Amino acid sequence: MAQGTIGVTSDNIFPVIKKFLYSDHEIFLREMISNAVDATQKLKTLASVGEMKGELGDLKVRVIIDKKKKTLTIQDHGIGMTAEEVDKYINQIAFSGAEEFVNKYKNRTEAIIGHFGLGFYSSFMVSDKVEIFSLSYKDDARAVHWSCSGETTYEMEDTIKAERGTDIVLHINDEFSQYLEDATIEGLLKKYCKFLPVEIVFGKKKEWKDGKQVETDEDNVINNTTPAWTRKPAELKDEDYKAFYRELYPMQMDEPLFWIHLNVDYPFHLTGILYFPRIKRNIDVRRNKIQLYCNQVFVTDEVENIVPEYLTLLHGVIDSPDIPLNVSRSYLQSDNNVKKIASHITKKVADKLSELYKNDKEDFEKKWDDIRLFIQYGMLTDEKFYERAISFCLVKNTDLKYFNIEEYKEKVKGEQTDKDGNLILLYTQDPNANYTHIERAKQKGYDVLLMDGELDVHAMSQLEQKNEKMRFVRIDSDILENLIRKQDAQKDNYTEEQKEGMRKAFEKILPTDNKLNYYISFEAADSDSLPIFLTQNEFMRRMKEMSQHQQGMNFYGEMPDQYNLVINTSHPLIKDLFGKMQSEEVEEVVEKKDDKKEGEEPVKETVKKTVWNLTGEDERLNQLTDIALLASGQLKGEALAKFVNRTVSLLQ
Ligand code: ADP
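This report concerns the structure included in the present document. Every value quoted in this text rests on a predicted model; they were computed, and no experiment measured them. Every chain is numbered on its own, with residues counted from 1 as its sequence reads. In keeping with the model being predicted, local features are shown solely for residues with a pLDDT of at least 70 and side-chain atom pairs are shown and tallied solely at 80 or more, while totals for entire chains, interfaces and linings include all residues. Calculation of side-chain values draws on the structure's entire complement of heavy atoms; hydrogens and water are dropped beforehand.

### Concerning the overall build of the protein chain
For the record, the criterion: Working definition: helices are DSSP H or I runs of at least four residues, strands are E runs of at least two. Numbering for both runs from the N terminus. Summary of the burial criterion: residues with accessible area below 20% of their type's maximum are buried, those above 50% are exposed, and those between are partly exposed, where the area comes from a 1.4 Å probe applied to protein chains only. Throughout, a residue-residue contact means that at least one pair of heavy atoms, one from each residue, lies within 4.5 Å. Residue burial considers only the protein chains on display, and all accessible areas are found by Shrake-Rupley using a 1.4 Å probe.
Looking only at helices and strands, the protein chain features 20 helices and 24 strands. Relative to its full complement of 652 residues, the protein chain shows a buried share of 48%. Long-range pairs, those at least 24 residues apart, make up 71% of the contacts in the protein chain with a sequence separation of at least 6. Within the structure as shown, the protein chain displays about 33700 Å² of accessible surface, and the carbon and sulfur contribution to it stands at 47%.

What follows is the structure in structure tokens.
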């Protein structure tokens, strides 16, 4: 038996590693299995170039639990190792690699492990002792047994082993007894090994017999060795892509809308399939994350630093050996390969969408409501994506017809350009609430967009920034004559005093609610529009809506909703009310402004004023106000009941 010291210089790095890796210790299994798969793949390569002769035999990798001995064994029939190779790769290289790793990262607080970098050494995180039994594929090779109990010395001796390949035997530490449970190991294998290129076997398949689960003779193979992304797109049918989607997300009920098969060789290697899910709301999709693989080994489903954030709304798989995995997450963002990968994926996604739009507009329109959140999010957060997406970013009108922005501008510019050359795009977020406004707009030959998407408010602001002289205004944000001003405002002949009197008369009967503020204003609108209606300032309302998504905008969010109650001075009913007003002369004591000197008591004087009053018309004023509220969907509860009763009694 030979004994020796492992090629490390620090006294004992095991305690450091154990503590350091605490949160991520499960990755030891992935590392052991990756080595077993590598050894198997190497053997296949050697056989294919004729360097290894003889039978390949059964190449499955097996994971075996022995509860009595408290061991977990990873067994492969790959190339194996000779005593010299164990000495070189395990005693020297593996350990020095691990040591370097620990020295480099022991002061970092970020959780960087969990990604590759530790290899064989990670087995000591969960084991008191690790043994290797190996027989190399080489002619005349002698089997070797190596063992190490978590100190810096090892033992090595010849042994007897019939089959080519390597058994790694982990004597699991009592603290980690969960790794001797079938369920834990099967769970980990499904997480990390689901798509490895060599079959991984864990026990036998089970089946139900007479109400009990019994073992069959068939190996329980954990993985699909040729997942869809590793195959050629030409070989795959739609059904295959959908089946793979279900394999990835067994809990997902909806089918994906469409998908992109990524395949890049230069300047980096990347394969994968990205699926477009139906995106109803942001939260829905976060459960099914994009999974990142490295040569078919699962690495993580936290891809935030690798692809732009909006792409994380997609589902699927990215596999790249070129993404550096043993570095911190913040470093990833600045890595050049990662940047190239991100911009390549962005381009592919945009190209695919553009192709779908060009090839079948009708189908694209059908899918629009399900993908718009994704596209708008991309446009808002990624300038490059905006430039690509602007041609297939759609808007729909209240007749549910779809247009891209340029088409829509072209459609409405004749009717909806105001006297100053601004193109005004009218929209509603709720066609039911805005029904009256929409009808009037249509009568005038205007078109109204339906902007009911979660990100529409932000998307509109972005389009306004990009398109000079184009503005979106919600159909109820002002009277139509003001929204699209074709000529200077009409004037009425009432004095400020008269209007003040009318304002007071209405204020008396307006509903009081501290979340709503009403301002009364006067407009000489068309005589055939309503006598009185409610509008809401576009800017204030939009700020409020945007504040729901953005931090630091609470100021707007907490303000009460403000409405304008616009009184149409051209309407015969209003003219009639003005006619019923009575004036009286009153005297008022006011401060004299002109003569006021610093420090002196203000001089007061009495002035005569004309005050206008409207009395005996409360019922009509109530009815008018309620009609305005009703037309905007704001008359509810008790107020609505009162309105109904009042209307009935008016009809009697
Ligand atoms: P890495 O796999 O990153 O090279 P490891 O520490 O996991 O680092 O392994 C070190 C080396 O030990 C491997 O490169 C390989 O040569 C050898 N090795 C480990 N496990 C096996 C195995 N099951 N069969 C053959 N060789 C192995």
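Next, the rest of the story.
### Quick word on helix H4 (residues 182-192)
How we decide: In this description, the arc belongs to the directions extending from the helix axis to the C-beta atoms.
Every buried residue of H4 is listed here: Ile 185, Leu 188, Leu 189 and Tyr 192. Looking down the long axis of H4, one finds its buried residues gathered within 100 degrees of arc, a one-sided arrangement. The inward-facing, buried residues of H4 abut helix H2 (27-48), strand S2 (61-66), strand S3 (71-76), strand S8 (200-209) and strand S13 (297-300).

### Examining the pattern of salt bridges
As a reminder, the rule being used: Every case where a carboxyl oxygen of Asp or Glu lies within 4 Å of a side-chain nitrogen of Lys or Arg is listed as a salt bridge.
The tally for this structure, following the rule as stated, stands at 45 salt bridges. Among the salt bridges present, the one from Glu 218 reaches Lys 205, with a minimum N-O distance of 3.6 Å. Placement of Glu 218 in strand S9 (residues 212-221) and of Lys 205 in strand S8 is noted, with a sequence separation of 13 residues between them. On the basis of relative accessible area, Glu 218 is assigned to the partly exposed category, the value being 48%.

### So, the site of the ligand
Operational definition: Think of it this way: one heavy atom of a residue within 4 Å of a molecule or strand is enough to make that residue near it. We define a polar contact as two N or O atoms separated by no more than 3.5 Å, with the added condition that, inside protein, one atom must be a possible hydrogen donor and the other a possible acceptor, whereas residues neighbouring each other in sequence contribute only through side-chain atom pairs. For this classification, the nonpolar set comprises Ala, Val, Leu, Ile, Met, Phe, Trp, Tyr, Cys and Pro, the charged set comprises Asp, Glu, Lys and Arg, and every other residue, Gly included, is treated as polar.
By nearness alone, 10 residues border the ligand, and Asn 35, Ala 39, Asp 76, Gly 119 and Phe 120 come closest of all. Here a nitrogen atom of the ligand sits 2.9 Å away from a polar atom, N or O, in the side chain of Asp 76. A distance of 3.4 Å separates a nitrogen atom of the ligand from a polar side-chain atom of Thr 166. Summarising the interface, the protein chains cover 75% of the accessible area of the ligand, which totals 530 Å² for the free molecule. The set of elements that each furnish at least two residues to the shell around the ligand consists of H2 and helix H3 (83-105). With 3 residues, H3 is the largest single contributor of residues to the shell around the ligand. In terms of residue class, the shell around the ligand is built from 6 nonpolar, 3 polar and 1 charged.

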